[in-house]
Structure formats: C-alpha cells, structure tokens
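Summary of structural features
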Amino acid sequence: MSNFDIFIGEVTGTALLILLGGGVVAAVVLKRSKAHNAGWVAISFGWGFAVMVGAYLSAPISGALLNPAVTIGLAIKGGVAWGDVPLYIGSQMLGAMIGAFLVWAAYLGQFKAHLTDPEILAAQPATEGLVDQKAAPQAGPVLGVFSTGPEVRNVVQNMLTEIIATFVLVIAILTQGLNNSGDGLGTLGVLITSFVVVGIGLSLGGPTGYAINPARDLGPRIVHALLPLPNKGGSDWSYAWIPVVAPLIGAALAGGYYNLALA
C-alpha cells in the first residue's frame, strides 16, 4: 500500500463510517426525524452497518482499519508497520471529522428544530454557579450525535468498560477478520467485524455508548465544538480523554494477548 492509498482509503472509509454511524444517532435522538425514539437496537445495528459500508469500500485500498485502536492492535501483532501508524491515525481523524460535518449538513433542519425546542432546552441540567461542576457535566443536548458519554460518571468504571469492549473488537479482528496478508480486513472479515460491532453495542454499549475508536469520538467532538449550533452546550472535554486512552489500552492488550497466546 502506498501512502496515498492509506490516506484515501482511511479518510474515505472513516468518513462514511461516521456519516452513517453518527447519522443513525441523529435519526434516533433529534426531534422532527422520522426515526425519532427508534431506540438503542436501531443505533447498534446502524453502527454495525456503518462499519460494513466504510470497511468494504476501503478494505481493497488501505485495509479498512478505520480506527486508531485497531491500527495499534495490528501494529503490535506485526501486520502494520509502525512507521505507517501516524499516517493511518491522522487519516482516520480527518475522515471522522469530515463524516461528523456531513451528519450536521444532512440533519441541519433537525438540529435547528431540536436546539430551539423549549422542552429540550428546559430538560438540560443547569450548571452555571455550581461549585462542583462534576456533579453536572456540561454536555449539550446534541453532543451524543457526535461523541459518547457515560450513563454513570465514574472514571474507573468508564475506563474499564471501554477497555473491555475494545479488547473484544480487536481480538475478534485479529483472530477472525484479517485478510490473507494479515494487514487489514478481508472480505468475510468485514462482515464478521460489522456483526461484532453490533454485538458490542447490544452487550457492552449501555454504560458508555461504546466509543471503541478514538477517532470516532475525538474527531466528531472537535467538530461539535466548532460548529455554529445554537444552544448546543459544552463538548464535555473533561470526559473526552477516556474514549481515546481506554480503547488504545484495550487494543494494546488484545495485540499482546494475541502474540502471547494465540499466534
């Protein structure tokens, strides 16, 4: 794979992943969407299909890693050269930001209706003047479209959940999802990985929203912070490091376990 192949494949594939994944969340949570209140099952399957579309497009070009955690896991296994890791991760971050911007563009009318709805705004916790800001983190009414957040805010629990979920994703990819060269997803591996993502969402997504992908969380969170959305609230930067650090730890553990026990 050339550097250009890695760049184009990862940017395009990750952008599609975030467009469809963030899109299903927007469809479910935003008022005036036909899928409003469709629920967690719809979100879990939507993310699985999003992985499938992005990965099938990019697999022949860049290997369809689409995730810095997967990239680290593959590098530890030996399927990806460490020298290529920064290009992979940078391309994934750019793609995630493009995808998040496209979600905003596709749902522009719904964002406007949601963020000017008195009922939605009245339901947000007031944080101004509180001495203990941790008691009411400043997460806006649409932040969940762009990034994840915990239902119970506990650093140890939230870290552990993301580590476990990412370990499951990466170990499944390393043992079931790779192509014959071992440097990316194979044709059947894309389908397997997509269903693994659905399974993780249904089984382990409840506590934190299952980021399991640093680019998927950080890139769109940056876009949320930059977009001109009225009444959008804060981007919850106090939590933002967990869905970046924890998936990388989970991926490193999966890569190390694979080399020690399964290779």
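Our structure is the block above this text.
Residues numbered from 1 in each chain as written. Predicted model: local features only at pLDDT ≥ 70, side-chain atom pairs only at ≥ 80, totals over all residues. Heavy atoms only, no water.

**Things to note about the overall build of the chain**
Inclusion rule: Starting at the N terminus, helices and strands are each numbered in turn, a helix being any DSSP run of H or I of at least four residues and a strand any DSSP run of E of at least two. C-alpha atoms define the radius of gyration in this analysis, and the globule rule sets the expected value at 2.2 Å times the number of residues to the power 0.38. Buried, partly exposed and exposed residues are distinguished by accessible area as a fraction of the type maximum, computed with a 1.4 Å probe on protein chains only: under 20%, between the cut-offs, and over 50%, respectively. Residue contacts are counted whenever heavy atoms from the two residues lie within 4.5 Å of one another. Working definition of accessibility: Shrake-Rupley area with a 1.4 Å probe, residue cover restricted to the visible protein chains. Residues scored as positive are Lys and Arg, those scored as negative are Asp and Glu, and His as well as the terminal groups of each chain are ignored. A single reference atom marks each charge: NZ on Lys, CZ on Arg, CG on Asp, CD on Glu.
When its secondary structure is counted, the chain shows eleven helices and zero strands. When the helices and strands of the chain are read in sequence order from the N terminus, they spell out α-α-α-α-α-α-α-α-α-α-α. Expected size for 263 residues packed as a compact globule is a radius of gyration near 18 Å; at 18 Å, the chain falls within 12% of this value. Taking the principal axes of the C-alpha coordinates as reference, the chain spans close to 55 × 35 × 30 Å. Each of the 263 residues in the chain was classed as buried or not, and the buried ones make up 51%. Long-range contacts, defined as pairs at least 24 residues apart, comprise 78% of the intrachain contacts of the chain with a sequence gap of at least 6. Only carbon and sulfur atoms are counted for the fraction: they give 67% of the accessible area of the chain, which is about 11400 Å². Positive and negative side-chain charges in the chain, numbering 10 and 12 respectively, have mean positions lying 8 Å apart.

**Regarding the packing of helix H4 (residues 85-106) against helix H5 (residues 108-115)**
Where we set the bar: Whenever a helix is involved, its axis is fitted only over the stretch in contact; in every case the axis is a line through C-alpha atoms, and angles between N-to-C directions fall within 0 to 180 degrees. Geometric relationships in this document are graded by angle, where less than 35 degrees denotes roughly parallel, more than 145 denotes roughly antiparallel, 65 to 115 denotes roughly perpendicular, and other angles denote oblique. Gly counts as polar in this scheme, as do all residues outside two lists: the nonpolar Ala, Val, Leu, Ile, Met, Phe, Trp, Tyr, Cys and Pro, and the charged Asp, Glu, Lys and Arg.
The contact between H4 and H5 brings their axes to 4 Å, and the two run at 75°. Taken together, the axis directions place H4 and H5 in an arrangement best described as roughly perpendicular. Between H4 and H5, the residues in contact are Val 103, Trp 104, Ala 105 and Ala 106 and Leu 108, Gln 110 and Phe 111, respectively. Each residue belonging to the contact of H4 with H5 can be placed in one class, and the counts come to six nonpolar, one polar and no charged.

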